[in-house]
Amino acid sequence: MTARAVIDVSELPSATMDHRSTIWWGNLMLLCIETMMFALLVGAYFYIRQNFYEWPPPKVHDPPAIYHAVPLLTVPTINLVLLLMSCIPMAWVDRACLKHNQMSVTLGLVVVILCGAAVIIFRFLEFHSLLFKWNENAYASAVWTILGMHLLHLFTGTLEFALLLSWLLLKDMDVKHARDIRVTATYWYWIAGVWLVLYAIVYLSPRFL
Amino acid sequence: MSALVLEQKELNEPLERVALERVWKRPPGFIGWITTTHHKDIAIRYIVTAFIFFALAGILAFFMRLQLSFPENNILGPDRYNQFFTVHGMTMMFLFAVPVMEALGLYFVPLMIGTRNVAFPRMNAFGYYTYLAGGILLYVGLFLNIGPDTGWFSYVPLSGPQFSPGKRVDFWAQMITLTEIAALVGAVEIIVTVFKMRAPGMSLNRLPIFVWAQLITAFMIIFAMPAIMLGSGMLAMDRLTHVSTHFFNPAEGGDALLYQHIFWFFGHPEVYIIFIPATGFVSTIIPVFARRKIFGYTALVLSLISIGFIGFGLWVHHMFATPVPELGQSFFTAASMMIAIPSGIQIFCWIATLWGGKPQMQLPLLFVLGFIALFVLGGLTGVILASVSLDLQVHDTFFVVAHFHYVLIGGAVFPLFAAIYYWFPKWTGRLLDKSLGLWHFWLFFIGFNLTFFPMHQLGLKGMPRRIYTYAYDSGWANLNLLATTGAAIMGISIVLFLINVWRSRHSGVNAGPNPWHSPTLEWATESPPPDYNFVYLPTVQSREPLWDEVSPPVVCGLSNRKRESLITTLMEAAPDHRYELPEDSIWPVILALVVGGGISWAIFDPWAVPISALLTFIVLCFWFWRGNEPASLTHHVQSSEDLQLLKSEANKI
Amino acid sequence: MSRRAREHKAWRFNVGAGVILLMLFAASGCRGSQNVLNPGGSQASHISNLWWFYFWITVSIYCLVLIFLISAIIRTTRKPFVPAGSREVLPTNSDEERRKTIFIGAAIGLSLATLFVLFLADLFTGRSLHSLRAADALTIKVTGHQWWWEAVYEDQVASNQVTTANEIHLPVGKPVQIKLASHDVIHSFWVPNLHGKKDLIPGHPTTLWIQADKAGVYRGQCAEFCGHQHAHMRLLVVAEDEEYFQQWLSRERSNAHIPETENQIHGEKVFLQTTCVMCHAIQGTVANGKVGPNLTHVANRRMLAAGRIPNARGYLAGWILDPQHLKPGVQMPQHNLSSDQLQALLDYLESLN
C-alpha cells in the first residue's frame, strides 16, 4: 500500500439523463449523419430541377396524364400536424422521466406510439397524394426517396419506443432507461423537425418557387 | 455532483490489478475471441485485416503493372484488367486506407486520453465484422469473375442499368454500404470517446495532436460518408429492375453529372480522411525523435481544422473536364490552392521542431522524412492539377495516377509504416528489427519512386488512365517497364516488412513500457497494455504528461467488480459521472451477419431488404435488453473475505 | 564515418539523384505526337507555357523545402549526439521559438503570394483559351460511341454535310468549333497537341474550340473510362493547308466510288447482302446503317478501328473476319466469309477513296 495523490470518484452517479451521457452524444452523431443525408437528397432534388422546363414535371407514363403534377396537400398536411402534435406527449414523457414518474412515462409512451403508428399509416396514404410513381422521372424518384427515407425513421423511432415500453411494462424504470427514453425523445423531435423542412420542400416549394 | 477533492489515499495497487484482471477477462477460446468488446482487440483485428487487403490490392496492382509492361500485352484481357483496377482502387480506399487509419485511432485514442475502452464497445465490434463482411463480399465477386469493373468511382451511365447489366456494379454498391457503415461506426466511437471520456485535466488544448487528428477525421467521416451512401443507394435503385428510379437517366430528367457531384462531395474529403490521421502520426513521432515538444501546437490544430473544412469545398476539381460553369471552376481552383496553406503550415512546424531538436535516426523518423519528401512532391503536383487549364491536359492520365500515389503512399503509407515501427513495441512488447527495417525503408522508397515518378512523364506523353494496353507506336513502353521494375522492388520491400513483423513478434528485442521515452499516456502502461488499460486512470496537467517532472494524481473509486470508466465534461474534462462498459457479447457478430448477409443478398433479391430489416430489429431487441444492478450492491472490493477470494483466484491466473 | 552520418549522406545522395532524375525526365519528354508539351496549336501552346511556369515554380519550392528539411537534420548532427532511447528532453528557448514563428509566418506569406500568382496565371490562361472564337468557323460535331468517334462536318446546305469516323481533318491556322456529344456513356475528347480534354456526357452537349497552327497528324485518345475497349478508342487529327483541306472535304462530300472491276462489284454485293449493311453506311448505296462508322471513303483513312490497326489489306481482313480478336468486347461481330467473298470485299473497300 502506497499513499498517492488521488481524485476519488466513487461518489459520482453512475448514469445521467441528459446531454452529459455518452448515448446522448451517440444519438447526436446519428442525427448529424441523417441530416447530412437529407441535405444531400434535397440538393439532388433542386439539382434535377434544371433538367425540366415544367416543375413539377408532367406525369405521362400511366393514364391519366397530368400536366402540372403538383402533389396534393390534404393528407400530407394532416400528417404533418399529427407528427408535430405528437411532440406534445413526447415532451410530457420527457419531463416525466426527469421526475421518475413511471406511470406518466408509460401512459405517455403509449400515446406517442399510437401517434407514431398513425403517422406511419398516413404516410402510406401520403404516397398516394403523390400523383406519380417513383419511376415516372427523376423528380418522382427524388420525392419518393425523401418520403421513403423519412418513413424509415418513423418506423425506427416508433419501434424503439415500443421496445422501451415493453421494458417498462415488465420491469422497473431506472436511470439508464429513463436516459434511453429521453435520448429517443430527442430523436423523435428531430424526426418531426426535419419533416417540417422536408414537407415545405416537397409540397410547398413547387407551388411557390 | 459533490465537489471532488484532491486527497492523499492509501492505494493497494496489486489488489486492484488482480480485481481488474478478473473483471476484464475474456471468456476462453473461440467464444472469447468472437465476443470481445475490447477496443484493442478490435483495433488489432482491423489493422491485420487491412494489411491483408493491402497485400491483395498490391498483388492486383502488380498484375496490372505486368500487363502494362509491354505494348499489346496479353497477360490480362480487358475484362480482367477492368475488374483488377476497380478492385485495386476499392480495396486500397475502402478496405485498407480508411480502416487502418481509424483502427490506429481506435487503439490509441482511449489510451492517449486515459480511459478504459471506447464509448460503445459492442458497436465497435459490430463495425469490424461489418467491414469484414464488405471485404469478403468484394473478393467473392472478384474470384467468381463478377467483380465490379467500372472503376472505383463507377461513373454513370457506364455503371447504370443499360451499360452494366448483371450484378457487378451491385457488388460495388453493396460493398460500399457495408464499409461505410463500419467507417461511420468508428467515427462515432472516436468522437464520443474523445468528447466524454478524457482523463481529468485533459482540456481540449491539452489533447495530443494524434487525438485532434482522429477527432477531425471522424467529423469529416460523419459529413462525407452520407454522400457516398446516397450515391451508391441511388445507383442501386436505378439499377434494380422493379425499382428503376431515374436519378441518373438523362432521358427522364436525371443527370450523369449529379452522380459525379454526389460522389466527389464524398470523394474529396475521403482523401483527407486518409491523410489527416497520418499527419497525426507524424506530429506524434517527430517530437519523440527530436527530443523536444512539437513546435506550433495551436497552429497545427488550427491547420487540421481548416483542412477539415476546406476539404469539403474542393470536389469540383475532379470535374474540370465536364461542362460545369467556368466561374464555378475558378472558385474550386482557388479553394484547391488554399488548402496548400494549412498543409504547408504543418510541414513548416514539423521542420521547425526538427530544427531545434536532436534528431535520432530511428526508423519511425526515417519514414517520416520519407513522407515529407514524397508528400510535398505530391502536394505540388496537386497545385498543378488545381489549375483548370493544366488539369484539362493531365486529368484522367497517368499524371494524376502519379499525383495521388505520391500523396496517398507518400502522404499516408509512409507515416503508417512510421507508426508501426513506433508503436510495435507497445503492441507486442518487442522492437522491430532495425536492419531489416532499413532494407524495407530504402527498397520501398526507391521502388516507389521508380514506379510512380515516370508516370508524371507518361501522362504528359498522352497516356490516359484505365487502359489495359497501349499501341507499339505510342512511345510509352520504356517508362512502363521501368514502373513495373519499381513495383517489383516495392513488393520485395513489403515482403521484408512482413517477415520483420512475423519474426519480431516473438524474438524481437524486448522493449519496456516506454522504449522511445515518449510523452503521451499510452506509454504509461505496460506493453502490451492490459485489457483495462490502466490500473488507476491517470489525470493530466500538461500536453506532454510523461515529460513532466511531477506525476499528477490518479483517479480512484471506480469499481473493480464491474467494467467501469469515467465520464468527464466536454471542455475542461472535469470528472462528471461513472460509466458502465458492457460485458463481452455475441450480438455484435450476429447483427453483422444479419446486416452483412442482408445487404449482400439484396444484390440478388430485393426481398432481402425488408426481411433483414425485421431481423435487425429483433437482434437489436436482444442487444439492448439488459439487466440493471440494484444500487445497493457495493462496488468495491473491501472486505477481507473478498480479498481472500480474489487472492486465491489471482493464484490461478 | 559514423553510422548516422553515413545514413545522412545516403539520404542526401538519394535526394540529389532524385532531383537530377526529375530534370532528365523533364528534358526527355517534349517530342512526339499525343504529347502535352509539344503544342501544335494555340490552345495547347497557352497550356504548355502555363505548364512550364508552374513547373519551375513548384520545382523551386520543392528544392527549398528539401534544403530546409535536410538542414534541420544535418545541422544538429554537429551537436553532441543524444543516444537513442535517451530520456533527455530539450527545453525550448522562447526567443528562438519566436524567431521561428516569424520565419514561418514569412514563409506562409510567401506561399500565399506564390499561390495567388499561380492562380492568376491560370485565370489568364483560361481567358486566352476562351477567347478563341470565330463567326462562321468550321463546325464538326463529334459523337462518342463505344468505342469509336463519329464526326459530322456541319453545313448550312444539308447535302454538303460530311459524315466520317475516327479521322478528322482541319485547315491550319483557323479556329474550329468541335461540338461534343455522346451516344452512350461518358467519353472524353483529347488531342494533347492541340488542346486539353473535354468530356462527352450524355445529356450535356458541349463545345471545344481548337486551332492547329502547324500542319501534321496529331493523335488523340479517349480519356474517360468507357468500358472494355476504352484503351483502343483513338482518333487522328490531320491538320493541313487550306487547299488540301478543301480537296479532302469535297472528296468526302462526294458519293462513294462506283465499283468498276468484277471483284469490286462482287465485293459491293457481299457488303450489301451480309451483316455489314446493318451497321455501316456508304453514301450513294442503300447502306445507311448508323450503328458503326461511316465507310464512304474508308480507303483514305490512315488507320482503322479507332486507331487500333493501320489501314492495310491484311489488317482489314483480320478485322473483318474476327474483330473480337483485336478489340474484345467491340460490337462488331465475327464474319464467316469464304476466301472469294473476303477478297472481293477487300477489293471493294479498298476502292472507296
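In what follows, the structure referred to is the one given above.
This write-up is about the structure you can find in this document. Just so we're clear, the structure is a prediction, and the values are computed from it rather than from any experiment.

### A short note on the overall build of chain C
Inference 1: Per the secondary structure count, chain C includes 9 helices and 12 strands.
Inference 2: In chain C, 64% of the contacts between residues at least 6 apart in sequence involve partners at least 24 apart.
Inference 3: Carbon and sulfur atoms make up 58% of the accessible area of chain C, which totals about 16000 Å².

### Side note on the pairing of strand E2 (residues 148-153) of chain C
All names here are of chain C.
Inference 1: In terms of burial, E2 is a largely internal element, 6 of the 6 residues being buried.
Inference 2: Pairing between strand E1 (residues 138-145) and E2: 6 bridges, direction antiparallel. When the bridges of E2 are listed, lysine 141 appears paired with valine 152.
Inference 3: Counted along the chain from E1 to the antiparallel partner E2, the turn is 2 residues long.
Inference 4: Two strands pair when backbone bridges link them, and E2 and strand E3 (residues 162-165) are joined in this way by 4 bridges, in the antiparallel orientation. Opposite alanine 151, over in E3, you have threonine 164 as the bridge partner.

### Re the side chain of aspartate 149 of chain B
Inference 1: Locating aspartate 149 of chain B in the fold gives a position in the loop between helix H5 (121-143) and helix H6 (168-196).
Inference 2: Residue class for aspartate 149 of chain B comes out buried when judged on its relative accessible area of 12%.
Inference 3: Separated by 2.7 Å, the side chains of aspartate 149 of chain B and arginine 168 of chain B make a polar contact.
Inference 4: If near-sequence neighbours (up to four positions away) are discounted, aspartate 149 of chain B is found in contact with Asp79, Asn82, Gln83, Thr86 and Arg168 of chain B together with Phe225 of chain C.

### Examining the nonpolar core
Inference 1: Ranked by size, the top nonpolar core spans 398 residues in total, and within it Phe51, Phe96 and Trp423 of chain B together with Ile140 and Phe189 of chain C carry the most contacts.
Inference 2: When sequence neighbours within four positions are dropped, the list of residues in contact with phenylalanine 189 of chain C reads Val142, Trp149, Ile168, Ile178, Leu180, Gly196, Lys197, Lys198, Leu200, Leu208 and Leu235 of chain C.

### Concerning the interface of chain A and chain B
Inference 1: Contacts between the two partners involve 56 residues from chain A and, on the opposite side, 70 residues from chain B.
Inference 2: Of the roughly 5600 Å² buried where chain A meets chain B, counting both sides, 67% is carbon and sulfur surface.
Inference 3: Remark: the boundary between chain A and chain B carries 4 salt bridges.
Inference 4: The closest approach of N and O atoms between aspartate 576 of chain B and arginine 20 of chain A, which form a salt bridge, is 3.0 Å.
Inference 5: Taken together, the links from chain A to chain B amount to 21 residue pairs in polar contact (both at pLDDT 80 or more).
Inference 6: The set of elements that each furnish at least two residues to the side of chain A that touches chain B consists of strand E1 (2-8), helix H1 (22-49), helix H5 (138-170) and helix H6 (175-208) of chain A.
Inference 7: A total of 14 residues in the side of chain A that touches chain B trace back to one element, the largest contributor, which is H1 of chain A.
Inference 8: Alignment of E1 of chain A against strand E2 (residues 554-556) of chain B, held across 3 bridges, turns out to be parallel.

### Quick look at the sheet that holds strand E1 (residues 6-11) of chain B
Consider a sheet: its strands pair through backbone hydrogen bonds, and that pairing is either parallel or antiparallel.
Inference 1: Ordered by their spatial adjacency, 3 strands build an open sheet running E1(B)-E1(A)-E2(B), and the pairing between neighbours is mixed. Each edge of the open sheet is held by one strand with a lone partner, namely E1 and E2 of chain B. When strand polarity is set aside, the average angle formed by the axes of neighbouring strands in this sheet is 65°.

### Observations regarding the interface of chain C and chain B
Where the parts come together, the accessible area they lose is often given as the size of the interface.
Inference 1: In this complex, chain C contributes 93 residues to the contact, which on the side of chain B involves 97 residues.
Inference 2: Buried surface at the junction of chain C and chain B, summed over both partners, amounts to about 8400 Å²; 68% is from carbon and sulfur atoms.
Inference 3: Counting across the chain C and chain B interface gives 4 salt bridges.
Inference 4: Joining chain C to chain B, the criterion identifies 25 residue pairs in polar contact (both at pLDDT 80 or more).
Inference 5: Sorting the residues of the side of chain C that touches chain B by element identifies helix H1 (3-28), helix H2 (42-77), helix H3 (94-130), strand E7 (198-200) and strand E9 (216-221) of chain C as the ones contributing at least two each.
Inference 6: The biggest single contributor to the side of chain C that touches chain B is H3 of chain C, with 18 residues.
Inference 7: Of the residues contributing to the side of chain C that touches chain B, the split by class is 47 nonpolar, 29 polar and 17 charged.

### Here we look at the state of the cysteines
Two cysteines whose sulfur atoms are joined by a covalent bond form what is called a disulfide.
Inference 1: Counted by the stated rule, this structure contains 0 disulfides over all chains.
Inference 2: Cysteine cysteine 222 of chain C remains unbridged, with the sulfur of cysteine 226 of chain C as its closest cysteine sulfur at 3.8 Å.

### Some words on the pattern of salt bridges
Inference 1: Evaluation of the coordinates by the stated rule reveals 31 salt bridges over all chains.
Inference 2: A network of salt bridges, in which partner residues are shared, links Arg4 of chain A together with Glu13, Arg17 and Glu526 of chain B.

### Focus: unusual backbone geometry
Inference 1: Cis geometry is adopted by the peptide bond preceding proline 157 of chain B, which originates at valine 156 of chain B and carries an omega value of -5°.
Inference 2: With omega at 5°, the peptide bond leading from glutamine 146 of chain C into tryptophan 147 of chain C counts as cis.
Inference 3: Positionally, tryptophan 147 of chain C belongs in the loop between E1 and E2.
Inference 4: Within the chain, serine 244 of chain B stands out as a residue other than glycine whose phi angle is a positive 55°.
Inference 5: Locating serine 244 of chain B in the fold gives a position in the loop between helix H7 (209-239) and helix H8 (256-290).

### Thoughts on the packing of aromatic side chains
Inference 1: Inspection of the entire model under this criterion finds 100 aromatic pairs over all chains.
Inference 2: Relative to tryptophan 144 of chain A, the ring of phenylalanine 127 of chain A lies with its centre 4.6 Å away and its plane at 20°, an arrangement referred to as stacked. With phenylalanine 127 of chain A in helix H4 (residues 102-129) and tryptophan 144 of chain A in helix H5, this pair connects stretches of sequence that are 17 residues apart. Tryptophan 144 of chain A carries the same exposure label as phenylalanine 127 of chain A, and that label is buried.
Inference 3: Relative to tryptophan 190 of chain A, the ring of tyrosine 187 of chain A lies with its centre 6.2 Å away and its plane at 10°, an arrangement referred to as stacked. With tyrosine 187 of chain A and tryptophan 190 of chain A both in helix H6 and 3 residues apart, this pair spans about one turn of that helix.
Inference 4: The class for tyrosine 187 of chain A is buried, based on a relative accessible area of 3%.
Inference 5: In this arrangement the basic side chain of arginine 505 of chain B is found over the ring face of tryptophan 502 of chain B, its NZ or CZ atom lying 4.8 Å from the centre.
Inference 6: In this arrangement the basic side chain of arginine 543 of chain B is found over the ring face of tyrosine 297 of chain B, its NZ or CZ atom lying 3.5 Å from the centre.

Conventions adopted
- Residues numbered from 1 in each chain as written.
- Chains lettered and ligands numbered in written order.
- Predicted model: local features only at pLDDT ≥ 70, side-chain atom pairs only at ≥ 80, totals over all residues.
- Heavy atoms only, no water.
- Helix = DSSP H or I, 4+ residues; strand = E, 2+ residues; numbered from the N terminus.
- Contact = heavy atoms within 4.5 Å.
- Areas by Shrake-Rupley, 256 points an atom, 1.4 Å probe, with all protein chains shown as cover.
- Buried < 20%, exposed > 50% of the residue type's maximum accessible area, 1.4 Å probe, protein only.
- Pairing = 2+ DSSP bridges.
- Polar contact = N/O pair within 3.5 Å; in protein donor to acceptor, adjacent residues only side chain to side chain.
- Core = buried A, V, L, I, M, F, W, Y, C linked by side-chain atoms within 4.5 Å.
- Buried area = accessible area lost by both parts, 1.4 Å probe.
- Salt bridge = Lys/Arg side-chain N within 4 Å of Asp/Glu carboxyl O.
- Axes fitted to C-alpha atoms, helices over the stretch in contact; angles between N-to-C directions.
- Nonpolar A, V, L, I, M, F, W, Y, C, P; charged D, E, K, R; others polar.
- Disulfide = S-S within 2.5 Å.
- Phe/Tyr/Trp six-rings, centres within 6.5 Å; stacked < 30°, edge-to-face > 60°.
- Lys NZ or Arg CZ within 6 Å of the ring centre and 35° of its normal.

Distances and angles like these do not, on their own, reveal function.
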